[in-house]
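Here's the letter readout for the chains.
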Amino acid sequence: MSVNTSLKKAMNSVYQICDVLDKNGMGIKTVCPGTSLETRDYVRIEMMKYTMYLSSADKAATLQETQFIHDYFERVMAPADMPGLIKKYQISGPVYESSVPNGMRTFVRADNQIYQKTGKNDTLMCESLYGLYDRVGKEFLACDDQVSEAESANMTKYLAMLRKYITENIQSPGALGLSGAGGAEQKATGANAAKKIR
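Residues numbered from 1 in each chain as written. Predicted model: local features only at pLDDT ≥ 70, side-chain atom pairs only at ≥ 80, totals over all residues. Heavy atoms only, no water.

(A) Layout of the overall build of the protein. Summing up its helical and strand segments, the protein has 9 helices and 0 strands in all. Element order for the protein, N to C, with α for helix and β for strand: α-α-α-α-α-α-α-α-α. Within the protein, the proportion of its 198 residues that are buried is 49%. A sequence separation of at least 24 residues applies to 76% of the contacts in the protein between residues at least 6 apart. (Helix = DSSP H or I, 4+ residues; strand = E, 2+ residues; numbered from the N terminus. Buried < 20%, exposed > 50% of the residue type's maximum accessible area, 1.4 Å probe, protein only. Contact = heavy atoms within 4.5 Å.)

(B) Region of interest: the side chain of threonine 51. Structurally, the position occupied by threonine 51 is in helix α2 (residues 39–56). Exposure remark for threonine 51: the relative accessible area of 0% places this residue in the buried category. Separated by 2.6 Å, the side chain of threonine 51 and the backbone oxygen of methionine 48 make a polar contact. Among residues more than four places away in sequence, those in contact with threonine 51 are Phe68, Ile69, Phe73, Val136 and Phe140. (Polar contact = N/O pair within 3.5 Å; in protein donor to acceptor, adjacent residues only side chain to side chain.)

(C) Geometry of helix α8 (residues 149–169). For α8, built from 21 residues, the straight-helix expectation of 30 Å at 1.5 Å per residue is met to within 8% by its first-to-last C-alpha distance of 30 Å. Where α8 is buried, its residues contact α2, α3 (63–73), α5 (93–97), α6 (102–118) and α7 (125–142). (Expected span 1.5 Å × (residues − 1).)

(D) Quick look at the packing of aromatic side chains. Counted by the stated rule, this structure contains 9 aromatic pairs. Centre to centre, the rings of tyrosine 50 and tyrosine 158 are 5.1 Å apart; their planes meet at 35°, and the pair counts as tilted. Of the two residues, tyrosine 50 is situated in helix α2 and tyrosine 158 in helix α8; the sequence distance between them amounts to 108 residues. The exposure class of tyrosine 158 is buried, given its relative accessible area of 2%. Their ring planes at 45° and their centres at 5.7 Å tell us that tyrosine 53 and tyrosine 158 sit as a pair that is tilted. Remark: tyrosine 158 occurs in helix α8 and tyrosine 53 occurs in helix α2; sequence separation between them is 105 residues. (Phe/Tyr/Trp six-rings, centres within 6.5 Å; stacked < 30°, edge-to-face > 60°.)

(E) Structural view of the layout of surface pockets. In this structure, the largest pocket occupies an estimated 320 Å³ of space. Forming the walls of the largest pocket are 15 residues, and the residues nearest its centre are Glu46, Lys49, Tyr96, Pro101 and Asn102. Going through the elements one at a time, α2 and α5 are the ones with two or more residues in the lining of the largest pocket. For the lining of the largest pocket, the class distribution of residues is 10 nonpolar, 3 polar and 2 charged. (1 Å grid on protein atoms, 1.4 Å probe; cavity = no way out; pocket = protein on both sides within 12 Å on 5 of 7 lines; lining within 4 Å. Points joined across faces, edges and corners; volume = space filled by probe spheres on them. Nonpolar A, V, L, I, M, F, W, Y, C, P; charged D, E, K, R; others polar.)

(F) Looking closely at the nonpolar core. Tyr50, Met52, Phe73, Met104 and Phe107 are the most contacted members of the largest nonpolar core, which totals 54 residues. Those elements that provide at least two residues to this core are α1 (5–23), α2, α3, α4 (82–88), α6, α7, α8 and α9 (190–197). If we ignore the near neighbours within four places in the chain, the residues touching methionine 104 are Cys126, Leu129, Tyr130, Leu162, Tyr165 and Ile166. (Core = buried A, V, L, I, M, F, W, Y, C linked by side-chain atoms within 4.5 Å.)

(G) Looking closely at the packing of α2 against α3. The contact between α2 and α3 brings their axes to 11 Å, and the two run at 170°. If you check the angle between α2 and α3, you find them roughly antiparallel. Residues Arg44, Met47, Met48, Thr51, Met52 and Ser55 of α2 pack against Glu65, Phe68, Ile69 and Phe73 of α3. Class assignment of the residues belonging to the contact of α2 with α3 gives a composition of 6 nonpolar, 2 polar and 2 charged. (Axes fitted to C-alpha atoms, helices over the stretch in contact; angles between N-to-C directions. Parallel < 35°, antiparallel > 145°, perpendicular 65-115°, else oblique.)

Below is the structure:
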């Protein structure tokens with residue numbers, strides 16, 4: 001399985017936003033004061049757990065799925081390791097499916113701070129993160145050519161939870177849905193995030 005450079009570029013774009021948030025005191029520590037992680041690492045780990053959640057749907061991790069996790073999240077594991085890790089970190093079931101990732105909470109909080117400061121925010125950072133969840137999920141499900149109905153249902157359910165959180169909590173609703181699907185075309189980038197925060 002070859003690495004999708006377009007997906008890597010989309011991920012790096014979101015990580016650059018994370019770095020800008022950290023630099024301006026708007027990063028993950030505003031939501032999780034006790035963490036020692038930088039926002040980009042926190043978001044990367046949450047995204048990796050999301051792929052493990054998708055894999056858990058059919059109770060059968062594949063070599064292609066663990067290779068995907070290695071290629072995009074730099075975590076080495078064997079298919080046999082996946083069930084134990086899912087159980088250890090509780091990456092399944094209603095609790096996980098209803099728990100908004102702290103990275104998303106951070107991005108929404110930062111978008112609202114910008115809106116409160118400027119009175120406008122037409123390119124939401126949280127939409128770029130949502131788009132990346134959407135794209136990573138699709139790429140992950142397709143990586144082993146064995147997309148099950150349960151995996152697809154899990155992805156739909158999780159994305160609906162994220163969308164609900166954004167819609168109910170963002171303060172500049174006119175910008176909702178404007179940042180694409182997490183690809184190279186996404187509008188909220190590290191560069192324009194830095195301009196907006198200044």
